[in-house]
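# Structure assessment
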Amino acid sequence: MIQGLPGFRDFFPEDCARRNHVVATWREVSRRYGFVEFDGPALESTDLYRKKNEAGAEILEQLYSFTDRGGREVALRPEMTPTLARMVAAREKHYRKPMKWFCVSNFFRHERQQKGRLREFLQFNADILGESSPQADAEIIALAIDLLRAFGFTAEHFVVRLSDRKAWMDFLQSRGCDEAACRTALACADKLEREPEEKLNAKLAATGLTVADLKAFIAAGSPEAFAPVLEALAARGLTGFVQPDLSIVRGLAYYTGVVFEIFDRSKNLRALAGGGRYDGLVKGLSDGAADLPAIGFGMGDVVLGHLIDETPAAAEKLQAALALTSDVFVVIADESRRAEALQIVQTCRELGLSTDFPLKSAKVGKQFQEAENLGATHAVVIGQEWPQIKLKHLATRAEQTLDHAALAPTLKTYKLHS
Ligand code: HAM
């Protein structure tokens, strides 16, 4: 039997229902924040990812890239930010600033498959373009926090670790690092928690720095870098969700200012979300044709799904969203009335009611069981009494007999799904 590929997921109906809950929550909170949705293509020219990255950058090594039938070098998108920068550079004059855009799309990275990391995943992105102030930074971070709160998480469950690439660059340049040395030092800082000290010190040798120097910089902090963002978050009552932490540097090359990653408090999982300011990317990718400051973040569905399952309040919210509900189940008590029953099914559906019925002859008890399985609030029973029919409220068992012509006006007055 042919198996699905490792790191790629099948979505059975229950998985789609979960995904719909996640996507609906992302969209609802984005709407509250005044973001509008966009999307781009799943396939891009490989150059889009090469242009702002050094050879050997992690994201380039994870590309699903190939030569297409027209001889073009193409790649499945591993992230949205380069596509967004490309699209915005081409059309930015059409839009008022600041642009507040979000998307929900699938991405592909040839990563080692592990808990929280797959090879195809869904990622929410939100970005503000055309505004360089810390107010925009705070707006993006507040959105990330409120997205997670909407799933039922509190400050007990997650934390935004806030850092600043510019503070890092200032420090490294003050220690005499040139561009290449800065890149090496940042790559090492990104791996402090994951790689042994001797290995990192060997990599750092050419920069004149040591692991101890990087750790000292992190420990000293950089309060002045974070003050305006923290103030704007405090005014929104969100202080408890954020922790300045210079050990966050982010793996992607294009960040220029505030950067952040969101983790579960128990530190069991990979990052839930990550992002930051990237003021040079639109300019760099468009060879100067457009120049817009930007900040944004991405939040995947995989780690989020693990944290939902591990957090009772969030899991309950998910279960409530997954409960099957429908309005009407048409019970065919007399098979010779199937044509009339179909007429009623059609009428209910035209009224906008979610309506089901048995596709083949079945015992009445079994049909009521099915109505309950589907979460129907009402049953309409078509039997020998036609043109009289029965309308039953399934939760209370209250029932009334009425002429079939009176059904539509009666149902219209009901608030169904209750
Ligand atoms: P990123 O840190 O690479 O940033 O990804 C953001 C989030 O996407 C991660 O925290 C994680 O939740 C999810 N994610 C990433 N890779 C995988 C994977 N292999 N499997 C499952 N989930 C994954 C970016 O992608 C930036 N482009 C975000 C951004 C937007 N920066 C500015 N604007």
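See above for the structure.
The text that follows walks through the structure, step by step, so that each part is easy to find.

What follows concerns the layout of surface pockets. The space that makes up the second largest pocket amounts to roughly 310 Å³. Lining the second largest pocket are 14 residues, and of these Arg-9, Arg-18, Asp-301, Val-302 and Gly-305 sit closest to its centre. Sorting the residues of the lining of the second largest pocket by element identifies helix H1 (13-32) and helix H12 (301-310) as the ones contributing at least two each. Top contributing element to the lining of the second largest pocket by residue count: H12, with six residues. The residue inventory of the lining of the second largest pocket, partitioned by class, reads five nonpolar, two polar and seven charged.

Strand order in the open sheet made by the three strands is E2-E4-E3, with antiparallel pairing throughout. The outermost strands of the open sheet, each flanked by one partner alone, are strand E2 (43-45) and strand E3 (65-67). The sheet shows a mean angle of 35 degrees between the axes of neighbouring strands, direction not considered.

Lining the immediate surroundings of the ligand are 26 residues, of which Glu-79, Thr-81, Leu-118, Asp-127 and Tyr-255 lie closest. Asp-127 has a polar side-chain atom sitting 2.8 Å from a nitrogen atom of the ligand. Taking Leu-272, its main chain carries an N or O atom lying 3.0 Å from an oxygen atom of the ligand. When the residues that make up the shell around the ligand are grouped by side-chain class, the tally is eleven nonpolar, nine polar and six charged.

Tracing the backbone shows Leu-374 in the loop between helix H15 (364-373) and strand E14 (376-382). Note: C-alpha distance between Leu-374 and Leu-324 (50 residues apart in sequence) is 6.0 Å. Sequence-distant contacts of Leu-374, that is, excluding residues within four places in its chain, are made with Leu-324, Thr-325, Ser-326, Phe-329 and Asp-356.

If you walk through the whole model with that rule in mind, you get one cavity of 30 Å³ or more. If you trace the largest cavity, you find it lined by Leu-48, Tyr-49, Lys-52, Asn-53, Ile-59, Glu-79, Pro-82, Tyr-254, Leu-281 and Leu-285. Among the secondary structure elements, those contributing two or more residues to the lining of the largest cavity are helix H2 (47-50) and helix H11 (281-285). The class makeup of the residues in the lining of the largest cavity is seven nonpolar, one polar and two charged.

The next thing to look at is the packing of aromatic side chains. One pass over the full model with this rule turns up 15 aromatic pairs. A ring pair is formed by Trp-26 and Phe-124, whose centres lie 5.6 Å apart and whose planes are at 35 degrees; its orientation type is tilted. Of this pair, Trp-26 sits in helix H1 while Phe-124 sits in strand E6 (residues 120-129), placing them 98 residues apart in sequence. A relative accessible area of 0% places Phe-124 in the buried class. Where Trp-168 meets Phe-217, the ring centres are 4.6 Å apart and the plane angle is 65 degrees; that geometry is what we call edge-to-face. Here Phe-217 lies in helix H9 (residues 211-220) and Trp-168 lies in helix H6 (residues 165-174), a separation of 49 residues in the sequence. Here the two residues Trp-168 and Phe-217 agree in accessibility, since each one is buried.

About the thresholds
- Residues numbered from 1 in each chain as written.
- Predicted model: local features only at pLDDT ≥ 70, side-chain atom pairs only at ≥ 80, totals over all residues.
- Heavy atoms only, no water.
- 1 Å grid on protein atoms, 1.4 Å probe; cavity = no way out; pocket = protein on both sides within 12 Å on 5 of 7 lines; lining within 4 Å.
- Points joined across faces, edges and corners; volume = space filled by probe spheres on them.
- Helix = DSSP H or I, 4+ residues; strand = E, 2+ residues; numbered from the N terminus.
- Nonpolar A, V, L, I, M, F, W, Y, C, P; charged D, E, K, R; others polar.
- Pairing = 2+ DSSP bridges.
- Axes fitted to C-alpha atoms, helices over the stretch in contact; angles between N-to-C directions.
- Near = heavy atom within 4 Å.
- Polar contact = N/O pair within 3.5 Å; in protein donor to acceptor, adjacent residues only side chain to side chain.
- Contact = heavy atoms within 4.5 Å.
- Phe/Tyr/Trp six-rings, centres within 6.5 Å; stacked < 30°, edge-to-face > 60°.
- Buried < 20%, exposed > 50% of the residue type's maximum accessible area, 1.4 Å probe, protein only.

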